[in-house]
Amino acid sequence: MITTIYSIFGVLGFLLVLDFWFRRRYDPKEPPTIAPSIPLIGHLIGFAKYATGYAAIISVGRTEEIFAINFFSFRIYIINSRHLIPAVQKNKSLSFAPFQKQFADALTRPSKHTLDLFDTDHIHEITRVQLAAWTPGKDLDHQNVRVADTLMLEMEKLSEQISMQGSAVADFFEWTRYTNMIAATNGIYGSANPMRDPEIWGAFLGWYPNIMRHLSGYPNFLLKESAKARDKFLNSFSQYLQSDHSDAGEVIFARERLYTRDQVPVKDMASSQALFTVGLIGNLSPTVFWTVWDIFSRPQLLADIREELERVAVTRHNNEKEQIFELDLAALKSRCPLLLSAHEETQRTRFRHANVRKAMEDTVLDGRHWLKKGSMIIIPNKMIHNHPEIWGANAKEYNPRRFTSEKGLPIGRSALSTSYAFLAWGTAPTLCPARQFAATQILLFTALMVLRFEVDPVYGEGQWKEPKLLTGALAVIEPPNEKMDVRIRNRRGVEGLWRLKMGESKTRVPIASG
Ligand code: HEM
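Residues numbered from 1 in each chain as written. Predicted model: local features only at pLDDT ≥ 70, side-chain atom pairs only at ≥ 80, totals over all residues. Heavy atoms only, no water.

Colleague: Explain the overall build of the protein chain residue by residue, including any values.
Modeller: For the protein chain, the helix and strand inventory stands at 21 helices and 15 strands. Over its C-alpha atoms the protein chain spans a radius of gyration of 24 Å, differing by no more than 12% from the 24 Å that the globule rule assigns to 514 residues. In terms of overall dimensions, the protein chain has a C-alpha envelope of 85 × 55 × 55 Å along the principal axes. Evaluated residue by residue, the protein chain yields a buried proportion of 55% over its 514 residues. Expressed as a percentage of contacts within the protein chain between residues at least 6 apart in sequence, the contacts between residues at least 24 apart total 75%. Split by element, the accessible area of the protein chain, about 23500 Å² in all, is 55% carbon and sulfur. Separation of charge centres in the protein chain, based on 62 positive and 54 negative side chains, amounts to 5 Å. (Helix = DSSP H or I, 4+ residues; strand = E, 2+ residues; numbered from the N terminus. Rg over C-alpha atoms; globule rule 2.2 N^0.38 Å. Buried < 20%, exposed > 50% of the residue type's maximum accessible area, 1.4 Å probe, protein only. Contact = heavy atoms within 4.5 Å. Areas by Shrake-Rupley, 256 points an atom, 1.4 Å probe, with all protein chains shown as cover. Lys, Arg positive; Asp, Glu negative; His and termini not counted. Charge placed at Lys NZ, Arg CZ, Asp CG, Glu CD.)

Below, the structure written as structure tokens:
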């Protein structure tokens, strides 16, 4: 017993000495260093558990504008004042690009030639062509039509199943995640979409939960099964690229043209195209899920959104056989401010993402804070989304009308108190290029659920209880970490044929981040 106590103190003492030694190596000009609660490895444990969400946790109660933490000799600065955000955004020596390279390298092991392209203008060209392919217009419509067709089909299948059985019980998150995954990947990859194959979806799920481990240098022998699943998933995209995929979204072709010009091998090209699925699962699925959850768990809000949708976006016709309900996508995107506001409030209140940048050279931030070359800078967005000076005294509450004006119209970026108040789609210059594509899908899925179905919780003793969350996932919003069975029924009075009025539209979803 005594020996064990001596050993514990011995290890702690050793860690303390090492910790002190590493901290001595920092320049006094740098922001102050915050020591971990467990010497040397405390911050490491925090990041292992919460990923970049740890930055928000450790910032609570701190008054420094910016502070530093270190893992051995590696330095991370955490921005703890909203006033410093524009300085980080504008500073050209603080870059996101090295993380894209690191991400691609750790996850897909591309060739050296492909990796070297990350240090060239290639990476900016990719960003530019993606944005063009996802800007409202013909190319985006082409992708959105397939998303919409898939969603309509999945809803129809659900409705038919319910008609036969009276109701359907499903894990709400799993069902939402699958339905949105298959819709978005059909939209992007076209009819040859590899994700339609249940085996490939299974392989993806065998790899995806381990992504943070692959990224953080976890021992390879512990990740053998995961690596096998990843290879199967990525190989399916090599086959996809080498066979007919002529009805894919423009975003696939635009990237393919650049990869071909820059002589990227097919295997690397395929991996890069496949990685969209990670963004879809990590970002789109929890966002759309919580949007729907936040609405269904508030009966008055649910009724108000139904009223808005039926007044503005749905027309009813009768033919001899049945009622026909037509949902107008352009109206849904631009003339349903309560639906959009409720969704944005979900994003604001539940967002956990932190932006990361690397200091490409020694940098003086805002004329005051000296940052060392090679270190990482983290902006925990949660701090901004909860800030009372930006969002008022009720900043932490969910207020579904927060993003509407007094006249009940959507509020745009210019109506927010600062340009960086709402960070759900990122921070310029790295705003999500797919935001119009994803926002359209979220509004459509939510509208169809709200208009066509009743959903009641079976989990949580029949109450809409907040589930436990999965911390540390590669996701902008934490997904639930428990099974959440719900009973779904067809909504009375809306039985009939549902169809969508698409049209060609330049209509934008007026999202608050612009
Ligand atoms: C609700 C859904 C989504 C949210 C909330 C979201 C959010 C974000 C955020 C916050 C960033 C910036 C990352 C940073 O600066 O740290 C980003 C970047 C990006 N997103 Fe999304 N995203 C969503 C859906 C998607 C989808 C569906 C795709 C693709 C199919 C996608 C593709 C990308 C790409 C390629 C970037 C990198 C941009 C660049 O390199 O400049 N996103 N997204």
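Colleague: I'd love a proper account of the pattern of salt bridges, names of residues and values included.
Modeller: Where charged atoms from two side chains of opposite charge come close, those side chains can pair. Counted according to the given criterion, the structure contains 33 salt bridges. Taking the shortest distance from any N to any O, the salt bridge between K112 and D116 comes out at 2.7 Å. Highlighted residues: K112 and D116, both in helix α6 (residues 112–117), separated by 4 residues, approximately one helical turn. Judged by relative accessible area, which is 62%, K112 ranks as exposed. (Salt bridge = Lys/Arg side-chain N within 4 Å of Asp/Glu carboxyl O.)

Colleague: Explain the layout of surface pockets residue by residue, including any values.
Modeller: Considering only enclosed or pocket space, the second largest pocket measures out at about 240 Å³ in volume. In terms of lining, the second largest pocket is formed by 18 residues, of which the most central are T349, R350, F351, R352 and K396. Looking at the lining of the second largest pocket, the elements with two or more residues in it are α15 (276–296), α18 (337–350) and α19 (381–385). Considered class by class, the residues forming the lining of the second largest pocket number 6 nonpolar, 3 polar and 9 charged. (1 Å grid on protein atoms, 1.4 Å probe; cavity = no way out; pocket = protein on both sides within 12 Å on 5 of 7 lines; lining within 4 Å. Points joined across faces, edges and corners; volume = space filled by probe spheres on them. Nonpolar A, V, L, I, M, F, W, Y, C, P; charged D, E, K, R; others polar.)

Colleague: So what's going on with the sheet that holds strand β13 (residues 453–457)? Residues and values would help.
Modeller: For sheets, the rule is that strands pair by backbone hydrogen bonds, running either parallel or antiparallel. Ordered in space as β4-β14-β13, the 3 strands form an open sheet in which the pairing is antiparallel. Each edge of the open sheet is held by one strand with a lone partner, namely β4 (168–171) and β13. Pairs of neighbouring strands in the sheet enclose a mean axial angle of 30 degrees, with direction left out of account. This element, helix α8 (residues 138–165), spans β4, β13 and β14 (485–490) of the sheet and lies at about 85 degrees to β14. Contacting β4, β13 and β14, helix α9 (residues 172–189) runs over the sheet at an angle of about 80 degrees to β4. (Pairing = 2+ DSSP bridges. Axes fitted to C-alpha atoms, helices over the stretch in contact; angles between N-to-C directions.)

Colleague: Tell me about the site of the ligand, and please be specific about residues and values.
Modeller: Residues in contact with the ligand amount to 22 residues; listed here are only the nearest, Q100, H353, N355, T430 and C432. Between the ligand and the protein, one listed contact pairs an oxygen atom with a side-chain N or O atom of H353 at 2.8 Å. Between an oxygen atom of the ligand and a side-chain N or O atom of N355, the distance comes to 3.2 Å. Among the elements of the structure, α7 (122–133), α15 and α21 (435–452) are those that each provide at least two residues to the shell around the ligand. Here the shell around the ligand takes 5 residues from α15, the largest share from any one element. (Near = heavy atom within 4 Å. Polar contact = N/O pair within 3.5 Å; in protein donor to acceptor, adjacent residues only side chain to side chain.)

Colleague: With reference to specific residues and values, describe the side chain of Q347.
Modeller: Residue placement: Q347 occurs in helix α18. Beyond its immediate chain neighbours, meaning those up to four positions away, Q347 contacts T287, H385, F422, A424, W425 and I477.

Colleague: Mind laying out a nonpolar patch on the surface, listing which residues take part and the relevant values?
Modeller: On the surface, Y218, F221 and L222 cluster together to form a nonpolar patch covering roughly 340 Å² of accessible area. Structurally, F221 can be placed in the loop between α11 (211–215) and α12 (224–242). (Patch = residues over 30% accessible without salt bridge, like charges linked within 9 Å, V, L, I, M, F, W, Y side chains within 5 Å.)

Colleague: Which residues make up empty space enclosed by the protein, and what are the values?
Modeller: Under the defined criterion, the tally for this structure stands at 1 cavity of 30 Å³ or more. Its volume calculated, the largest cavity comes out at about 80 Å³. Every residue along the wall of the largest cavity is listed here: Q89, R413, S419, Y420, F422, L423, G426, T427, A428, L431 and S513. Classifying every residue of the lining of the largest cavity gives 5 nonpolar, 5 polar and 1 charged.

Colleague: Hey, could you go over the coordination of the iron atom of the ligand for me, with residue numbers and the actual values?
Modeller: For the iron atom of the ligand, the protein supplies a single donor, C432 (SG), at a distance of 2.4 Å. Inspection of the secondary structure puts C432 in the loop between β12 (430–431) and α21. (Donors = N, O, S within 2.8 Å, 3.2 Å for Na, K, Ca; no water.)

Colleague: Account for helix α16 (residues 299–312), naming residues and giving values.
Modeller: The terminal C-alpha atoms of α16, which comprises 14 residues, lie 20 Å apart, in line with the 20 Å expected from a rise of 1.5 Å per residue. Restricting attention to buried positions, one finds in α16 the residues L301, L302, I305, R306, E308 and L309. All buried residues of α16 lie within an arc of 165 degrees about the axis, which places them on one face of the element. Exposed positions of α16 whose direction lies more than 90 degrees from the buried face are P299, Q300 and R311. (Expected span 1.5 Å × (residues − 1). Arc of directions from axis to C-beta.)

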